[in-house]
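Survey of secondary and tertiary structure
Residues per chain, in single letters:
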Amino acid sequence: MKNKTASTTETPNPGTDQLQAAVTATVGTADAGGSQSIQNLTLLHSARLSQLKRTAATLKQQYGASDPNVTAAEAAVKAGSARVAQMAALHQQASTPAPLVSTPGWALQGRVFSSTLQPVQNLTVFLVDASKTFQQEYGFAYTDSSGYFLLSFEGTKDSHASAPQLYIEIANASGKPIYLGTDVFSPAAGSTTYQNITLPAGEHPIGNPPSAIRGSAIPAAKKKSQA
């Protein structure tokens with residue numbers, strides 16, 4: 001993003017599509033150089049963000065918080081922060097190795113972020129069908145400190161069996177669903193899918209968790225039952 005009050009030095013500002021294309025190419029070829037390129041861009045934009053923050057602070061001190069230039073500078077800082085967080089997430093994606101997957105099986109991995117693109121820990125990720133029924137055979141996974149999760153399915157003996165339409169659902173540490181994907185997840189045998197998931201602002205509960213998840217998958221529920 002350009003802002004004349006922030007800096008007179010222009011830096012590359014690739015769009016989301018360009019960054020995602022770079023990630024796809026990196027993941028597909030296991031190119032460490034591609035991952036390094038994304039990291040370099042992240043560092044570049046981090047430096048630019050620091051400059052934007054200094055400019056905003058200086059303007060605010062000189063002209064006060066209500067000045068239009070200060071408002072514009074603070075908006076540039078907010079947008080720059082979001083871009084750096086997005087690029088950091090894409091770098092994590094490019095740097096994440098694909099798990100070993102059996103020929104009839106598949107894996108779904110990714111990271112879960114808050115609406116401000118911060119990683120969220122101790123969430124439960126699982127799959128449901130179109131009627132929101134928990135697909136127990138695929139298991140569930142917890143997110144770690146980086147928001148990472150991994151669902152791995154070994155496959156079935158019936159090579160002609162097709163999976164139902166699957167959707168990703170996420171429950172918080174209190175056992176309340178806070179996310180339900182709208183895109184169909186269609187795993188292909190022998191493949192790994194990576195998804196970055198951004199939770200809606202506020203992370204408000206959207207219903208009750210499946211009974212099979214409530215008692216065994218939720219970290220908070222497990223701790224309570226063991227107390």
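Worth saying up front: this structure is predicted, and the values here are computed from it rather than measured.

1. A few points about the sheet that holds strand β4 (residues 148-153)
The strand order across the open sheet formed by three strands is β4-β1-β7, and the pairing between neighbours is mixed. Edge strands, defined here as strands with exactly one partner in the open sheet, are β4 and β7 (192-198). With strand direction ignored, the average angle separating the axes of adjacent strands in the sheet is 20 degrees. Alignment of strand β1 (residues 106-113) against β7, held across seven bridges, turns out to be parallel. In the sheet register, Phe 113 faces β7, and the bridge partner there is Thr 198.

2. Notes on the sheet that holds strand β2 (residues 124-128)
Within the open sheet, the four strands sit side by side as β3-β2-β5-β6. Their pairing is antiparallel. Single-partner strands in this sheet number two, and they are β3 (140-142) and β6 (177-180). Recorded for the sheet is a direction-independent mean angle of 25 degrees between the axes of neighbouring strands. Summarising the sheet, strand β5 (residues 167-171) and β6 pair through three bridges and their orientation is antiparallel. Within β6, the residue paired with Ile 170 across the bridge is Tyr 179.

3. Quick notes on the packing of aromatic side chains
One pass over the full model with this rule turns up six aromatic pairs. Here the aromatic rings of Trp 106 and Tyr 138 are separated by 5.2 Å at their centres, their planes lie at 50 degrees, and the arrangement is tilted. With Trp 106 in strand β1 and Tyr 138 in the loop between β2 and β3, this residue pair connects regions lying 32 residues apart in the sequence. On the basis of relative accessible area, Trp 106 is assigned to the buried category, the value being 5%. Put simply, the rings of Trp 106, Tyr 138, Phe 153 and Phe 185 touch in pairs and so form one group of aromatic residues.

4. Structural notes on the pattern of salt bridges
In a structure, side chains of opposite charge can pair up when their charged atoms sit close to one another. Tallied over the entire structure, the rule returns one salt bridge. Of the charged contacts, one joins Lys 60 and Glu 74 as a salt bridge, the two residues approaching to 3.9 Å between their closest N and O atoms. With Lys 60 in helix α2 (residues 32-63) and Glu 74 in helix α3 (residues 68-95), this residue pair connects regions lying 14 residues apart in the sequence. Accessibility expressed as a relative area gives 36% for Glu 74, which makes it partly exposed.

Each value, and the rule that gives it
- Residues numbered from 1 in each chain as written.
- Predicted model: local features only at pLDDT ≥ 70, side-chain atom pairs only at ≥ 80, totals over all residues.
- Heavy atoms only, no water.
- Pairing = 2+ DSSP bridges.
- Helix = DSSP H or I, 4+ residues; strand = E, 2+ residues; numbered from the N terminus.
- Axes fitted to C-alpha atoms, helices over the stretch in contact; angles between N-to-C directions.
- Phe/Tyr/Trp six-rings, centres within 6.5 Å; stacked < 30°, edge-to-face > 60°.
- Buried < 20%, exposed > 50% of the residue type's maximum accessible area, 1.4 Å probe, protein only.
- Salt bridge = Lys/Arg side-chain N within 4 Å of Asp/Glu carboxyl O.

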